[in-house]
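Working through the structure, step by step
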2 protein chains.
Amino acid sequence: MENDLNEKQIQILQVAETLFAEKGFDGTSIRDISKEAKINVAMVSYYFGSKEKLLESLVLYKTSGLKELLIDLIEEELEPVQKIYKLIDLYVNRLNCNKGIYRILHFELASKKRVLELESFSDIKKANLKSLEIIIKEGQAKGVFRKDVTIELLTPTILGTYFHFQMNKPFFEVILGLNTEEEYNNYIHTTLTMHIQQTIKALLTYES
Amino acid sequence: MENDLNEKQIQILQVAETLFAEKGFDGTSIRDISKEAKINVAMVSYYFGSKEKLLESLVLYKTSGLKELLIDLIEEELEPVQKIYKLIDLYVNRLNCNKGIYRILHFELASKKRVLELESFSDIKKANLKSLEIIIKEGQAKGVFRKDVTIELLTPTILGTYFHFQMNKPFFEVILGLNTEEEYNNYIHTTLTMHIQQTIKALLTYES
DNA sequence: GTTTAATTTAAACAAGTGTTTAATTTTGCA
DNA sequence: TGCAAAATTAAACACTTGTTTAAATTAAAC
């Protein structure tokens, strides 16, 4: 598995992400990408092999850093609750910076048609879940977290809450009076993040 | 505007809905549709004019009945709250029977690329909003509903809640222990519908 | 500076796309 | 039965698709 991408490859991936997010995977042609990235059509096949493999590289590229960040987080000396808070903050920031690719992962690849690179993405999810599991079990050992919690459901809760907010953006823009892009993003990084943190904390910690 | 569709046209639309929902609009070719519907490729252009117009017809066909149902509902003699309850039940049932087309409307047409038939769909939404407005203002006149409510936001709330539940189906299947398709649909028609009804009621009626 | 490898290119490939045409069959009506 | 309209067909249209090829250019290594 080679993950050393040169400048040209990264440039192609960035253009691809934008166009995929705009027009969908099927709606975007290699010629669209090569035109936007100002390269020859053959370069995509030369560097990535195929359009499908380009998508796979894009997914790997955009989700690769997360794994290392989680490993770093595990080794930090923090109280379990604070560690979870930081994890959620990390997730939300990541998702908010990669709207394009996560939109594709959730709606393009959710269809029955494409099941190819689901494997490589499922590997990443497994690794992330493993990191989360370590943090939770650390908290359980310290007697801070409940032991009857289903760890597999924490990630869906964290991501699900964020996606619902992001998907219904026009709706929330109105009801919350968030008129600018800045206001909206600020709301995500403060109130929404706090809400998710409190939800997960309530799920994990003992209650009277 | 001709809405008299013959058997063949309806057959084509039904096949198109299934395939669009499965593989997306761009991912489905006219030849895919004609093959599945066992007709000649030219028939789609013959009956609908183009692939885009086929989609437009599909949207109109699948959303047409709703307007009449709402008009009938308005004329029913029911208390305002009961009318709203019935309206929500009607919406949820509709959405649940037309998963395919609403998936397309929300994720295929939400992209920047296609803005063509958004007009015909926006007409339907306007008509539905008009019906809702009548019901709400009736309740306001009777002193049951608050007068400072933004009617335009009721539909997003009703639909948004349902869609979030349906989009994250694998998630809720697990946490709610809904193992069969029947159990899942039953939950939608009982607990979820009730939740939406209570949410809207709380929003509309005065509280101490 | 020559040679080997990596990069980039234009062109072509076969297959698939939406749509149209023109001929044929089927249908409905006088 | 005859005739005009509608329905259906196979074929072709021009264009786009992802991918490959083979030549040209650039870069690196000796």
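Provided above is the structure to which this section pertains.
Report follows, based on the coordinates. (Residues numbered from 1 in each chain as written. Chains lettered and ligands numbered in written order. Predicted model: local features only at pLDDT ≥ 70, side-chain atom pairs only at ≥ 80, totals over all residues. Heavy atoms only, no water.)

Regarding the packing of helix α1 (residues 7-23) of chain A against helix α4 (residues 51-75) of chain A
Residue and element names in this part refer to chain A. Under the convention used in this document: The angle between two axes is taken between their N-to-C directions and runs from 0 to 180 degrees, where each axis is a line fitted to C-alpha atoms and a helix contributes only its stretch in contact. By the criteria applied, helices consist of DSSP H or I runs no shorter than four residues and strands consist of E runs no shorter than two, each listed in order from the N terminus. In what follows, roughly perpendicular refers to angles from 65 to 115 degrees, roughly parallel to angles under 35, roughly antiparallel to angles over 145, and oblique to any angle outside these ranges. Any two residues whose heavy atoms approach within 4.5 Å are treated as being in contact. Residues are grouped as follows: nonpolar covers Ala, Val, Leu, Ile, Met, Phe, Trp, Tyr, Cys and Pro; charged covers Asp, Glu, Lys and Arg; every other residue, Gly included, is treated as polar.
At their nearest, the axes of α1 and α4 sit 10 Å apart, and the two run at 100° to each other. Taken together, the axis directions place α1 and α4 in an arrangement best described as roughly perpendicular. In this structure, α1 contributes I10, I12, L13, Q14, A16, E17 and F20 to the contact, and α4 contributes K51, L54, L55, S57, L58, Y61 and K62. Residue composition of the contact of α1 with α4, grouped by class: nine nonpolar, two polar and three charged.

Digging into the protein's contact with DNA strand C
To be explicit about the condition: Note on definitions. A residue lies near a molecule or strand when any single heavy atom of the residue is within 4 Å of it. In protein, a polar contact means a hydrogen-donor-capable atom and an acceptor-capable atom, both N or O and within 3.5 Å, with residues adjacent in sequence counting only if both atoms are side-chain atoms; elsewhere, any N or O pair within 3.5 Å suffices.
Around DNA strand C lies a shell of 15 residues, among which A:M43, B:I30, B:R31, B:S50 and B:K51 are the nearest. Within 4 Å of the protein, the atoms of DNA strand C are drawn from sugar and phosphate moieties in a proportion of 50%. Between DNA strand C and the protein, one listed contact pairs a phosphate oxygen with a side-chain N or O atom of A:Y47 at 3.1 Å. Within the residue set of the surface near DNA strand C, elements represented by two or more residues are α3 (42-48) of chain A together with α2 (30-36) and α3 (42-48) of chain B. A total of four residues in the surface near DNA strand C trace back to one element, the largest contributor, which is α3(A). Of the residues in the surface near DNA strand C, the class split is six nonpolar, five polar and four charged.

Things to note about the environment of B:D32
Here B:D32 is to be found in helix α2. Along the sequence, B:D32 and B:L19 sit 13 residues apart, while their C-alpha atoms lie 8.1 Å from each other.

Digging into the protein's contact with DNA strand D
Taken together, 15 residues form the shell around DNA strand D, and within it A:I30, A:R31, A:S50, A:K51 and B:Y46 come nearest. Atoms of DNA strand D within 4 Å of the protein: sugar and phosphate make up 49%, bases the balance. In this structure, a phosphate oxygen belonging to DNA strand D sits 2.9 Å away from a main-chain N or O atom of A:I30. Between DNA strand D and B:Y47 there is a distance of 3.2 Å, counted from a phosphate oxygen to a side-chain nitrogen or oxygen. For the surface near DNA strand D, the secondary structure elements donating two or more residues are α2 (30-36) and α3 of chain A together with α3 of chain B. Per-element tally for the surface near DNA strand D: the top contributor is α3(B), with four residues. In terms of residue class, the surface near DNA strand D is built from six nonpolar, five polar and four charged.

Quick notes on α1(A)
Two residues of an α-helix separated by three or four positions point the same way, owing to the 3.6 residues in each turn. All names here are of chain A. What counts, and what does not: For a helix, the expected span equals 1.5 Å multiplied by the residue count minus one. Relative accessibility decides the category of a residue: with a 1.4 Å probe and only protein chains considered, values under 20% of the type maximum give buried, values over 50% give exposed, and everything between is partly exposed.
Look at α1: 24 Å from first C-alpha to last across 17 residues, which is about the 24 Å you get at 1.5 Å a residue. Within α1 the residues assigned to the buried category are Q9, I12, L13, V15, A16, E17, L19 and F20. At the N-terminal boundary of α1, the capping side chain belongs to N6, with an oxygen 3.1 Å from the backbone nitrogen of K8. Among the residues trailing α1, G24 stands out with phi positive, at a value near 85°.

Function-wise, these values are silent; they only describe arrangement.
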